[in-house]
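A closer look at the structure
Each chain, written out:
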Amino acid sequence: MIHSSASEMATALAKGEVTSVALTQLHLDRIASVDKDVHAFLHIDTEGALAQASAVDAKRAKGEKLSPLAGVPLALKDVLAQKGVPTTCGSKILEGWRPPYDSTVVANLKKNDIVILGKTNMDEFAMGSSTENSAYGPTHNPWDLSRIPGGSGGGSAASLAAFEAPLAIGTDTGGSIRQPAAVTGTVGVKPTYGGVSRYGLVAFSSSLDQAGPCARTVLDTALLHEAIAGHDPRDATSINAPVPQVVAAAKSGDVKGMKIGVVKELNGDGYQPGVRARFEESLELLAKAGAEIVEVSCPNFEYALAAYYLIAPSECSSNLARFDAMRYGLRVGDVDGASAEEVMNLTREVGFGREVKRRIILGTYALSSGYYDAYYGSAQKVRTLITQDFTSAFAKADVLVSPTCPTTAFKIGEKSNDPLAMYLNDIATIPVNMAGIGGMSLPSGLADEDGLPVGFQIMSPVMKDERMYSVGAALEAALLSKWGAPILSKAPALGGVA
Ligand code: GLN
């Protein structure tokens with residue numbers, strides 16, 4: 001049962017073939033047996049999950065009408081507030097903090113009776129591409145435990161690939177849902193900015209952050225997408241419009257007559273041969289399914305990474321100022337005679353890791369008087385140019401595509417001392433966040449040179465998220481016939497990690 005998709009589990013629950021308590025227990029057992037090796041979870045909420053599961057079972061027994069994913073377990077990225085449950089954002093500074101409220105994403109999960117198993121590991125405050133920046137130790141990729149599972153949401157992606165959960169929530173500021181999906185052979189979607197509420201999502205870079213669904217199939221991500229999306233008056237950037245019909249799109253998977261634009265700038269020499277080969281094959285499969293493949297050019301994407309690494313740190317330097325040792329988690333040096341400033345300085349010194357400090361310093365510098373126009377101001381202009389590139393590209397194509405990342409999963413430790421090499425991982429995912437559009441990554445096969453999964457990225461215009469689901473479902477179906485089985489079934493994790 002743990003190897004099924006979330007929708008298969010939902011069907012079994014609806015037919016009474018399994019109870020949510022039994023299904024939840026199966027996943028808790030799986031976590032107990034493999035998570036010492038994978039380390040996808042920071043906190044496992046055994047009691048809370050089983051209580052939620054038994055409440056759904058009771059509702060079902062009474063014949064209540066339930067939502068499509070009712071009773072299915074889920075892994076929640078530790079950046080989203082869940083009432084009474086530890087929420088650390090992978091940081092020591094939040095150790096011991098239990099939010100007094102639910103984020104809107106969590107409230108929506110509960111409303112849909114989706115069972116929350118626990119909180120997943122992540123790079124500290126979602127800054128990173130490998131989960132190595134977690135203050136609680138890295139997560140390991142179930143395909144090869146010596147490799148990274150991507151980041152920042154490596155815990156969520158690894159939990160899916162290791163069959164510890166069939167559903168997960170991630171957040172994506174520059175690629176943190178899509179890149180982990182790509183390197184673990186799972187599916188991850190960053191919805192249109194404003195499509196899913198940010199209320200209760202601990203802020204990294206507020207103009208870029210967006211929560212989204214992660215799963216093992218396109219349909220499962222669509223079902224979860226509809227469960228968590230929708231207007232929320234508590235988030236000023238939430239879009240007040242109907243949720244895109246992504247489930248219907250994922251079910252039909254029809255791409256006949258659709259124009260698919262290959263972004264010239266996101267498929268060059270810097271991409272691993274196996275990544276490019278799987279990308280080209282996927283294009284052929286989509287063409288066979290009836291889509292028209294065209295080439296588009298987005299010349300300003302070249303500057304996206306540089307602009308992102310000014311905008312995101314700038315916003316982070318101001319967002320993280322709230323961790324002042326007076327509110328939330330950690331407080332260090334609170335001895336008689338110590339001033340509030342001394343306690344704050346010491347707490348931030350001890351509580352934040354190296355990457356977070358690096359970003360705060362970068363951002364503070366970029367925003368400082370005399371430099372603001374040259375750095376932050378220029379980066380904002382680049383952001384506008386990137387959005388304009390997307391607008392012209394979408395005039396020629398319904399969706400845009402590229403490989404999700406330049407390489408497959410690298411080794412733990414390989415890039416940890418080279419921040420620039422780490423940042424380059426996000427070269428193909430960042431433009432999407434800069435323009436606030438939707439982006440999906442789904443597995444497109446394994447690279448010949450290392451046998452590791454490769455991600456295919458689909459981008460859709462603002463609030464046209466259903467388009468990436470149609471294309472994703474079409475490609476997933478074509479790949480299923482080609483491979484004869486889901487790509488994830490080739491992962492060693494299937495036989496049991498370790
Ligand atoms: N890897 C990128 C960064 O370090 C993106 C992170 C994210 O999307 N949260 O900023």
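Residues numbered from 1 in each chain as written. Predicted model: local features only at pLDDT ≥ 70, side-chain atom pairs only at ≥ 80, totals over all residues. Heavy atoms only, no water.

Overview of the overall build of the protein
Our working definition: Segments assigned H or I by DSSP are reported as helices when at least four residues long, segments assigned E as strands when at least two residues long, and all are numbered from the N terminus. C-alpha atoms define the radius of gyration, and 2.2 Å times the number of residues to the power 0.38 defines the globule rule. Type-normalised accessible area, obtained with a 1.4 Å probe on protein chains alone, sets the label of each residue: buried when under 20%, exposed when over 50%, and partly exposed for intermediate values. For accessible areas, the Shrake-Rupley method is used with a probe of radius 1.4 Å. Any residue's cover is judged against the shown protein chains and nothing else. All tallies of charge rest on Lys and Arg as positive and Asp and Glu as negative; His and the ends of each chain are not included. By convention, charge coordinates are those of NZ in Lys, CZ in Arg, CG in Asp, or CD in Glu.
Within the protein one finds 16 helices and 11 strands. Taken over C-alpha atoms, the radius of gyration comes to 21 Å for the protein, in line with the 23 Å a tight globule of 498 residues would show. Principal axes of the C-alpha set define a box for the protein whose edges measure 70 × 55 × 45 Å. The proportion of buried residues among the 498 residues of the protein is 61%. Surface summary for the protein: the accessible area is close to 17800 Å², and the carbon and sulfur share equals 54%. Computing the positive centroid from 44 side-chain charges and the negative centroid from 53, the protein places the two 3 Å apart.

Notes on empty space enclosed by the protein
Basically, it comes down to this: A cavity here means a set of points on a 1 Å grid, drawn over the protein atoms and nothing else, where a 1.4 Å probe fits but cannot get out; a pocket is an open set with protein on both sides within 12 Å along at least five of seven lines, and a residue lines either one if it has an atom within 4 Å of a point. Grid points are joined across faces, edges and corners, and a volume is the space filled by probe spheres set on the points. For this classification, Asp, Glu, Lys and Arg are treated as charged, while Ala, Val, Leu, Ile, Met, Phe, Trp, Tyr, Cys and Pro are nonpolar and the rest, including Gly, are polar.
Here the structure, examined in full by the defined rule, presents 5 cavities of 30 Å³ or more. Looking at the largest cavity, its volume works out to about 80 Å³. Contributing to the lining of the largest cavity are 14 residues, with Ala126, Gly128, Ser176, Tyr308 and Asp426 lying nearest its centre. Its residues assigned to classes, the lining of the largest cavity comprises 5 nonpolar, 7 polar and 2 charged. As a volume, the second largest cavity reaches approximately 60 Å³. Lining the second largest cavity are 14 residues, with Gly195, Ala229, Gly230, Pro244 and Met463 sitting closest to its centre. Residue composition of the lining of the second largest cavity, grouped by class: 7 nonpolar, 6 polar and 1 charged.

Points about the packing of helix α4 (residues 104-111) against helix α7 (residues 218-228)
Stated precisely, the cut-off is as follows: The angle between two axes is taken between their N-to-C directions and runs from 0 to 180 degrees, where each axis is a line fitted to C-alpha atoms and a helix contributes only its stretch in contact. Oblique is the label for every angle not falling under 35 degrees (roughly parallel), over 145 degrees (roughly antiparallel), or within 65 to 115 degrees (roughly perpendicular). It only takes one pair of heavy atoms within 4.5 Å for two residues to be counted as in contact.
The interhelical angle for the contact between α4 and α7, taken along N-to-C directions, is 110°, at an axis separation of 8 Å. As summarised for this structure, α4 and α7 are arranged roughly perpendicular, according to the angle between their axes. Here Val105, Asn108 and Leu109 of α4 lie close against α7, whose contacting residues are Leu224, Ala227 and Ile228.

Details of the site of the ligand
Convention followed: Nearness of a residue to a molecule or strand requires only that one of the residue's heavy atoms be within 4 Å of it. Contacts described as polar in this section are N or O atom pairs within 3.5 Å, which, within protein, must combine one atom able to donate a hydrogen with one able to accept it, while residues neighboring in sequence count only if both atoms come from side chains. Think of it this way: if more than half of a molecule's atoms are within 2 Å of a pocket's grid points, that molecule is in the pocket or cavity.
In the neighbourhood of the ligand, 15 residues make up the surrounding shell, with Thr173, Gly174, Ser176, Tyr308 and Arg359 lying closest. Here an oxygen atom of the ligand and a backbone polar atom of Gly128 are 2.9 Å apart. With respect to the ligand, the side chain of Tyr309 contributes an N or O atom lying 3.3 Å from an oxygen atom. Comparing atom positions with the cavity grids shows the ligand to sit within the largest cavity. Looking at side-chain class alone, the shell around the ligand contains 5 nonpolar, 7 polar and 3 charged residues.

A look at the UniProt feature "domain: Amidase" (unreviewed entry) in the protein
Selection rule: UniProt positions are given in the numbering used here, feature names are shortened, and annotations may be inferred rather than shown by experiment.
Here the UniProt-annotated "domain: Amidase" (unreviewed entry) positions come out as residues 23-467. Segment residues 23-467 splits into 38% helix and 14% strand. End C-alpha atoms: 32 Å apart.

Describing the pattern of salt bridges
Let me state the cut-off plainly: Salt bridge criterion: a side-chain nitrogen from Lys or Arg within 4 Å of a carboxyl oxygen from Asp or Glu.
Counted by the stated rule, this structure contains 17 salt bridges. For the salt bridge of Asp113 with Lys59, the shortest nitrogen-to-oxygen distance reads 3.0 Å. On the criterion of sequence distance, the pair formed by Asp113 in the loop between α4 and β3 (115-120) and Lys59 in helix α3 (residues 46-61) is long-range, its members being 54 residues apart. Here Arg278 and Glu281 are joined by a salt bridge, their closest N and O atoms 2.8 Å apart. Taken as a pair, Arg278 and Glu281 lie in helix α9 (residues 273-288) at a separation of 3 residues, close to a single helical turn. The class for Arg278 is buried, based on a relative accessible area of 7%. Within this structure, Arg278, Glu281, Asp448 and Lys482 form a network of salt bridges that share partners.

Side note on unusual backbone geometry
For the bond from Gly151 to Ser152, the omega torsion is 10°, close enough to zero to count as cis. Mapped onto the secondary structure, Ser152 falls in the loop between β3 and α5 (154-161). Positive phi values are uncommon outside glycine, yet Phe163 reaches one of about 60°. Within the secondary structure layout, Phe163 lies in the loop between α5 and β4 (167-171). Of note, the phi angle at Met463 is positive, near 60°, even though the residue is not glycine. For Met463, the location among the structural elements is in the loop between β11 (453-460) and α16 (465-483).

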